Every structure is written in structure tokens, then in C-alpha cells.
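Coordinate analysis (summary)
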Amino acid sequence: MTDIREYLAHKPLLFDGGMGTYYKAAPGADCEMANLTDPEGVKKVHAEYLAAGAQAIKTNTFGLPRMAAAQMPGWEELAEAGLKLACDAAAEKDAAVFADLGPAPDTEAAPASSAYGLVAQQFAALGAKNFLFETLSSDVGIVEAVKALRVAVPDAFVMVSFAVLPDGYTREGLLFRDLLRRMEQSGVVDAVGLNCVSAPGAMKKLVQGLGETLLPLSVMPNAGYPVVTRARVLYQGKPEYFAREMGQIAAAGVRILGGCCGTTPAHIAALRAELDALPQQTEAAPATKLSTGTAPAVEKDDAFLRKLNAGEKVIAIELDSPRVADLSGYLDGARRLQAAGADLLTIADCPIAQARMDSSLVACRVHRELGMCALPHMTCRDRNLNATKALLLGLYAEGVREVLAITGDPIPTAERDEVKNVYQFNSRKLAQYIVSLAGEGREMPSAMTVFGALNLNARNFDVELRRAVEKLENGMSGFLTQPVLSAQAVENLRKARQTLGERAKILAGIMPVVSQRNAIFMENEINGIHVEEDIIQRFAGLDREQGEALGLEVSMQMAREALPYADGFYLMTPFNRVALMERLIARLKTELLDAEG
């Protein structure tokens, strides 16, 4: 087969199935190593898929971008051997061979574009003409690598395929429709598609809801969903079911089909028969577009957001949720803070990695019972993609319209053997995921407003500011800062306002110090907080009443200095001292906010 583009104009192109799951590699061994250690076994797998009716096969080189990124010696020989084995097998059937590149890690030291570029250029030097970048969870580095590839092979046929969950999102929280559109707009990709993770029925629904595509679409699902035994992962999806679902996908206009994990030559043979029974088409038809109906009207914001966006100074106050299963006292405190004039209640998500009542559940209860706007903190530490999405949908349904996305304090080392971190996201990716849930045909009628953390006490504040800019670019709308308890923190707040401009809403953190012991503890044991030495010394010898009085004065001084650069204040309640915060809110309103208005 010499011209893939010409072939696709007349009939669907059928790929092979899952080499990695069909070839029985030794436990713990990379399947790609078999190109050198068991070439006849690899060639036999290729031959079986071709005999089943595949017209295109993938080289056994899926892991090479990962190996190249890790500078693993010998990956170049694996590429050469893998391409030769596939070409030798395909020659007997006049089938197409695609150089197969799986995902590459992306780090500052080794960007994904570099790994993709190295492997693609190696294949180009070996004479490859067709390339498949597959099972991707993001498009980072792809366009750059393909542009460079086209310099070496101008007529290359390049496919890019993303691995998505049944809801259409990758494990990095990116919506497949956005990824496919970006590939279309790049101008350097010939076909786009989906593969792996999902079964054929789920992919059929995704394709039907996609609408018209400008490029040929490829679909290569798993045989089904995995069943994990003690030593093996099995896929129990039957070839007949796989072929029937894929036949319907082909009838909807998809021109490139195949299989991923768990799909054997039997699956491909059944699909071959299904495709041969379809009426021949002369050009690709657009995918069927589903009707989404009329969405009900919903409140897109709340009183806090309306006040903030109108340019009025706001007061948000943090009150830690209880450690026990009793919310009565907490709701009492929240009610008092609301009456004092707080516009928003924020609830931390298990601060210092210690379990408390769930911040999102508490936010829903506060909003439902008090009608108070609530901002739950959401860390990346304890939830994977599914749990995060489930929680966000519940929050939206309860009327919560904003969240604070933060990485979260890690679980202390001694506990890691028993309690595991998750960290599927960082805060930037979490923000991007949250805003991606909203829009036409998506899960939320309107976007939630996402805030982030801004550490005014960071040792290298220029790096912190660069991250803040990235957070804005990924969908955040503003920041809650760490406590302002030093002249340097005020100066960094000024720099933040100058750098971020008016596009970012900034709430300056104010946390009353109540004793010298409290100040020393915050300085030494809480990340992101810095208390100036002269403030620490001013609390020496004070009793509780005197400490609170001085804490109020220091807080007012810090608030006064921060106000010109802030859109309001983010107050943190020490030791659940609600009465102290009532006094602070009253003074802020009478001495600063009302006077400014």
C-alpha cells in the first residue's frame, strides 16, 4: 500500500490489535525488547493480524519515547529491528506499516517534544513514511515534533490518537474534543483519533457526540474492560461484540479502525468481516451528531462572585471543619461570621494532611442551611480523576460555584506505608480540568470559578509569580494569599498586583497571631508562613486577652498596608476563635472597607 490518503478516500483502513497484550512477554519485561530477543515471535504476531485482515500494522515500539526520554541505551536498535520486522511481515500482504510511538514524559529537563522528536527522526532516517503517536493523555510536545518530522519526511502520514475515559476526558483531565480540534488546527496532522482505556461501546458514544471532523477519524478501543487476577490482566470482550460495535462506528463515517489492549487476531478478523459487509463509500462521512436538548437555566454565580466582579472589596474567612462527626458547633460559628459581615466561608481540605470532615460536604451544608457562599478547598493529594469529577458535579448541583484548587500538603513520611498520596493532578492541571467541564454538551451548564494559592512568603517569589501566571492561563480567576505578616509579604503582594494586573482577583491573607508560642509555631512548622521577628518578640509575656488585642492591631496594620493591592481579604481563624474574628471583621469594615467606599 503506497498511498494512505488515496486508500482512505475509497474504503476504511483496518489496523491490527494490541501487540503488547497479545504477545506474551516475560513478566516485568518490556515487550519492545522482543524485537531483538525474539524477532520470530514478534513477526509471527504481525503475520497473524495480517492474516486476520489487517491492512496496516504498528511497529512493536510503543515504549520507545519513554526509553529515549530516560536515555536508555539501545532504543535506537529496537526501533530499527521493530521497523524491519513489521516491514518484512507487511510486504507479503502489501500492507501499510506505521512507526508506533507511545506517550513520552514531560519535564523541564526532558520535554516531551524532545523524546518524540528523537524517536520520530530515528524512524525517518530508517525510511518510515507513516507515523502513529498513540495513547496520549495530552498533546504537549506533539505539534512541535511533527513539524520537525515533516522537514525530514514532507509526505509523511501522521496520526495522533488520545486515550480517553468513557466520559471523554484523558487521565490529565483534558477533553478529547478540545484535543482533536487542536490537532485539526495545527495543520500538520493527517488523522486524529481515540484508542485504549475505553471499550468499543463507550467509544461509539463519544464518536456519535463529536459532530463533524475535518480530518479522518481513527478509533481503536480495548476489547473490553480489564479483569485483574493475581498475575495477569485479562480482557473478556468477545470478538463478535467488538466487531458489531465497531461496524456501527464505521457506518457513522469513521475511516480508520483497529484495536488496542486485549484485541486479538480473532477480534480483527470479526471486524474485517463486518467492514466487508458495509456499503462501499467514496468519501468519509461526518460522524452523527447527537441532540443535546435545551439545558435548564441555572445560576452561574453567587452573591460573593457578583460583589467581587463588581469591584467591591470582599471578606472571605476560613473556618476549619471539625475533626469529629458533629457539625452543630461549626454551623453556629459560620452563622456568627455571616452575621458579622463575611461574604464567603472557605473550608480547608484536611490541612497539614490530617483528616477532618470533608470540605466539600461541609460547604454544601453551609450553603444549604445558611444560604452563605462557600469556597471548599480541593487538594490534588487525595483524589484521582473520577473522584474529583464526581465531587465537582455534586458541588455544582448543590449551588457551590467556586473552589480553591491547591496541590495539598503531602502526607508525613512515616505514614506513607499505610496512607498513600494520589497526586494525579497538580493545581494548574486541576484548574484546567474544572473549567473544561463547562460548555455546550458538557457536564456543567456554566464554569465554576477557580481560585488558587499565592505564597507571598516564597523564598523565590519570581518563580511563584511565574506559576501564578501559568495558573491564570490554565483557567484560574484569582488567588488567596498566604498570611501577610512581614514587610516583604506586602512588597510581594505589590509585585503580584503589578505582574498579574486586573485579570486576577487577589484576596490578601490575614491571620491574627494570638501568642508568642503561636507565632513561633507558625514560623517554624507551617509551610508558606513567615512571621517577622519583631512581631514574635512583641507577644512576649502577654496573656490571652492581651495577645488577642495585639493580634488584632497587627492584623489591622497588615490589612491597611495590603489593601491598595488587594480585592479584599482572606481571613484565617486561629484555633476556631470565632469571637476574635467577629471583632476583626467589624474593624475591617468600619476602619478600612466602609471608609474606602
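Refer to the preceding data block for the structure.
What counts and how
Residues numbered from 1 in each chain as written. Predicted model: local features only at pLDDT ≥ 70, side-chain atom pairs only at ≥ 80, totals over all residues. Heavy atoms only, no water. Disulfide = S-S within 2.5 Å. Buried < 20%, exposed > 50% of the residue type's maximum accessible area, 1.4 Å probe, protein only. Helix = DSSP H or I, 4+ residues; strand = E, 2+ residues; numbered from the N terminus. Pairing = 2+ DSSP bridges. Right-handed = clockwise from strand over helix to strand, strands pointing away. Axes fitted to C-alpha atoms, helices over the stretch in contact; angles between N-to-C directions. Contact = heavy atoms within 4.5 Å. Parallel < 35°, antiparallel > 145°, perpendicular 65-115°, else oblique. Left-handed = near helix turned anticlockwise from the far one by under 90°.

Let us now look at the state of the cysteines. Tallying each qualifying case throughout the model produces zero disulfides. The cysteine C196 is free of any disulfide, with C261 supplying the nearest cysteine sulfur at 3.7 Å. Left unpaired, C260 is separated from the closest cysteine sulfur, that of C196, by 3.8 Å.

So, on to the pairing of strand 5 (residues 157-162). Of all the six residues making up strand 5, six are buried; the element is thus mostly covered by neighbouring parts of the structure. Residues F157, M159 and S161 point to one face of strand 5 and V158, V160 and F162 to the other, with burial holding for every one of them. Where strand 4 (residues 130-136) lies against strand 5, five bridges are found, and the strand directions are parallel. Counterpart to L132 in the pairing with strand 5 is M159. One crossover worth recording links strand 4 to the parallel strand 5 by way of helix 8 (residues 142-152), and it is right-handed. By the bridge criterion, four bridges tie strand 5 to strand 6 (residues 191-195) in an arrangement that is parallel. Across the sheet, M159 pairs through a bridge with A191, a residue of strand 6.

With respect to topology, eight strands assemble into a closed barrel ordered 11-12-13-14-15-16-17-18, the strand pairing being parallel. Sheet twist, expressed as the average angle between the axes of neighbouring strands with direction ignored, equals 25°. Where strand 17 (residues 505-510) meets strand 18 (residues 568-572), four bridges bridge the pair, whose relative direction is parallel. Across the sheet, A508 pairs through a bridge with F569, a residue of strand 18. Running at roughly 175° to strand 13 (residues 374-379), helix 16 (residues 385-397) makes contact with strand 13 and strand 14 (402-406) of the sheet.

Moving on, we come to the sheet that holds strand 6. As summarised here, the arrangement of the eight strands in space is 1-10-7-6-5-4-3-2, forming an open sheet in which the pairing is parallel. Where the open sheet ends on each side, the last strands, each with one partner, are strand 1 (13-14) and strand 2 (56-58). Where helix 6 (residues 75-91) meets the sheet, it contacts strand 2 and strand 3 (96-101), and its direction lies at approximately 160° from that of strand 3.

What follows covers helix 10 (residues 200-208). Across the nine residues of helix 10, seven count as buried, placing the element largely inside the fold. All of the buried residues along helix 10 are P200, G201, A202, M203, K204, L206 and V207. Buried residues along helix 10 sit in contact with helix 9 (176-186), strand 6, strand 7 (217-220) and helix 11 (239-251).

With that out of the way, let us pick up the packing of helix 7 (residues 112-125) against helix 8. Running from amino to carboxyl end, helix 7 crosses helix 8 at an angle of 25°, the nearest separation of the two axes being 8 Å. When the axis of helix 7 is compared with that of helix 8, the two are roughly parallel. The crossing of helix 7 and helix 8 is right-handed. Contacts from S113, Y116, G117, A120, Q121 and A124 of helix 7 reach helix 8 at I142, E144, A145, A148, L149 and A152.

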